[in-house]
Amino acid sequence: MQRLNNQTLANIAGVASTPSYDRANSNAGIVHLGIGAFHRAHQAWYTEALLNRGAAGWQIIGASLRSPTVKDQLATQDGLYTIVERGPEGEKFQVVGAVKDVLVGPESPASLLSVMADAQIKIVSLTVTEKGYCHDPASGNLNLSNADIKHDLANPNAPKSAIGFIVAALDARRQAGVDSFTVLSCDNLPNNGEVLEKVTLQYAEQVSAELAAWIRANTTFPCTMIDRIVPATTDADRQELEGKLGLRDEGMVLAEPFSQWVIEDKFCSDRPAWEDVGALLVDDVHVYEIMKLRLLNGSHSLLAYCGYLAGFDYVSEVMREPVLAQLCQRFMDREVSQTLTVPAGFDMEHYKVELRERFANPGLKHRTWQIAMDGSQKIPQRWLQTLQAQLEGEGNIDLLCLALAAWIRYVSGVDEKGEAIDVQDPLASELKALCDASDTPEATVRAVLNVKEVFGESLACNEKVLAATTQWLTRISEQGVLGALKAELV
Ligand code: CS2
């Protein structure tokens, strides 16, 4: 089967929309670290809309900091890939040309650094997931004992981490008298720009005080809220698309029709006019970010752990189980909403209904297992800040404690049928060892909530939280998630 590329693009003109600009003569202005499916369906998609309107100079050089997979997928396709947008009403295909090239950090750190140091690059953006920030989620400080950070400080010209690349490239620009790029975090962290700024400066301090001072004076780190549900692509998806396009596309991504991007307008460099294609450029992203993290991602994680334990592979299936759909609604209405500040003119009730419809989208096969990944990195911003706010306001915390119990049950590594769970989490073995060493639900909850880098100092001493979480963990062990919810959610 022929591959999608510049030559074959014309063959699918009737089926998919294709780039309308001259790709060969378009320059790159952005380097993106972590060119996974999410970036290709989100930031690259917004940027493509601008390029299609004739904006020049904003193609993207993507970089993978780990594996060469995306490069292998896109190199023989001239960087082209398809977004399959799938909603309840059907699907739409769009071939995107915004990605000019893909580099692989581990193959040649020097090439990536030299591109990042080039004056033509105005923005370095990143989606490297929560753990890519190499920070301690509870304190926000750079983790100086992280293996990649240690490596990068010892080998500044051949970094592995995003932070190592950013600081080395900024240093090269400083020494060459080139203006700073803007560093744009597009990960699901609260205050993502501030978190990134803090770890970048802490890292730079280790290199030299002058460099840290230069970054402080010249570089900005806007915060963003990013939103689009993008499940991992499977081979079955590629096969299906091949049948429809008559071309093989190894780089395709699947996404829901909904998309939102709110960006703090704080760039130290030129930037694309993303506001012309639907992004919201604002002075303060915080309220949007918190709302999305607590309502969307918080519910997502709750549904992922409960749904996985109850035997559901996909979120849309979870939403078809009435007791879990009801759980989602109650969680939003009774325990999350009251902790949020609503952005001016924003209809939160509509937002919540829309979120549940998005989760139920039957066109997306979004695996509960995928969302369940890296819980130790996600839980603080998805649940714990909500829990803290509810404790302070003496609000309901019951379902937040259920969420914690389901997660604890999940990381114990055995599902309700007694099968092993493939737990993907940087703390997986530590968490499993804590569960294995505890012989009662209460001891398990105490041991896990005592993991300070996730829970901070105070939660393990909160008797209300301990009691409610222990009760849910006991119920889940005795009756399974569905049994426990059916008995309790009346
Ligand atoms: C999900 C997110 O995998 C996860 O943890 O909750 O990737 C979610 O789909 C996106 O944040 C939606 O914008």
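These figures come from a predicted structure and were not determined experimentally.

Explain the site of the ligand here, please?
Near the ligand, the surroundings consist of 13 residues, among which Asn188, Asp227, Lys292, His300 and Lys378 are the closest. Arginine 382 is positioned such that a nitrogen or oxygen atom in its side chain is 2.9 Å from an oxygen atom of the ligand. Relative to its unbound accessible surface of 340 Å², the ligand loses 89% to contact with the protein. Among the secondary structure elements, those contributing two or more residues to the shell around the ligand are strand S8 (224-227), helix H10 (286-309) and helix H15 (375-392). Here the shell around the ligand gets four residues from one element, more than from any other, and that element is H10. Classifying every residue of the shell around the ligand gives four nonpolar, four polar and five charged. Of the domains in this structure, domain 1 (9-282) and domain 2 (286-489) are the two that each give at least three residues to the shell around the ligand.

Explain the side chain of glutamine 377 here, please?
Looking at the element boundaries, glutamine 377 is found in helix H15. For glutamine 377, a relative accessible area of 10% gives the class buried. If we ignore the near neighbours within four places in the chain, the residues touching glutamine 377 are Glu130, Lys131, Pro137 and Pro426.

I would appreciate a short explanation of the domain arrangement of the protein chain in the present structure.
Interface size is often expressed as the accessible area that is lost when the parts come together. Here the domain parsing of the protein chain yields domain 1 (9-282) and domain 2 (286-489). Summarising the inter-unit geometry, the C-alpha centres of domain 1 and domain 2 are found 29 Å apart. When the two sides are added together, the surface that domain 1 and domain 2 hide from each other amounts to roughly 2,500 Å², 59% of it contributed by carbon and sulfur. Scanning the region where domain 1 abuts domain 2 turns up four salt bridges. A salt bridge links glutamate 130 to arginine 382, with the shortest nitrogen-to-oxygen separation between them at 3.9 Å. Along the contact surface separating domain 1 from domain 2 lie 11 residue pairs in polar contact (both at pLDDT 80 or more). Going through the elements one at a time, strand S3 (81-87), S8 and strand S10 (260-264) are the ones with two or more residues in the side of domain 1 that touches domain 2. Residues belonging to the side of domain 1 that touches domain 2 are distributed by class as follows: 17 nonpolar, six polar and seven charged.

Explain the pairing of strand S4 (residues 90-96) here, please?
Relative to S4, S3 runs antiparallel, the two being bridged by seven bridges. Looking across to S4, one finds that glycine 87 is bridged to glycine 90. Connecting S3 to the next strand, S4, in antiparallel fashion are two residues.

Cut-off values and rules
Residues numbered from 1 in each chain as written. Predicted model: local features only at pLDDT ≥ 70, side-chain atom pairs only at ≥ 80, totals over all residues. Heavy atoms only, no water. Near = heavy atom within 4 Å. Polar contact = N/O pair within 3.5 Å; in protein donor to acceptor, adjacent residues only side chain to side chain. Areas by Shrake-Rupley, 256 points an atom, 1.4 Å probe, with all protein chains shown as cover. Helix = DSSP H or I, 4+ residues; strand = E, 2+ residues; numbered from the N terminus. Nonpolar A, V, L, I, M, F, W, Y, C, P; charged D, E, K, R; others polar. Domains from an automatic or database assignment. Buried < 20%, exposed > 50% of the residue type's maximum accessible area, 1.4 Å probe, protein only. Contact = heavy atoms within 4.5 Å. Buried area = accessible area lost by both parts, 1.4 Å probe. Salt bridge = Lys/Arg side-chain N within 4 Å of Asp/Glu carboxyl O. Pairing = 2+ DSSP bridges.

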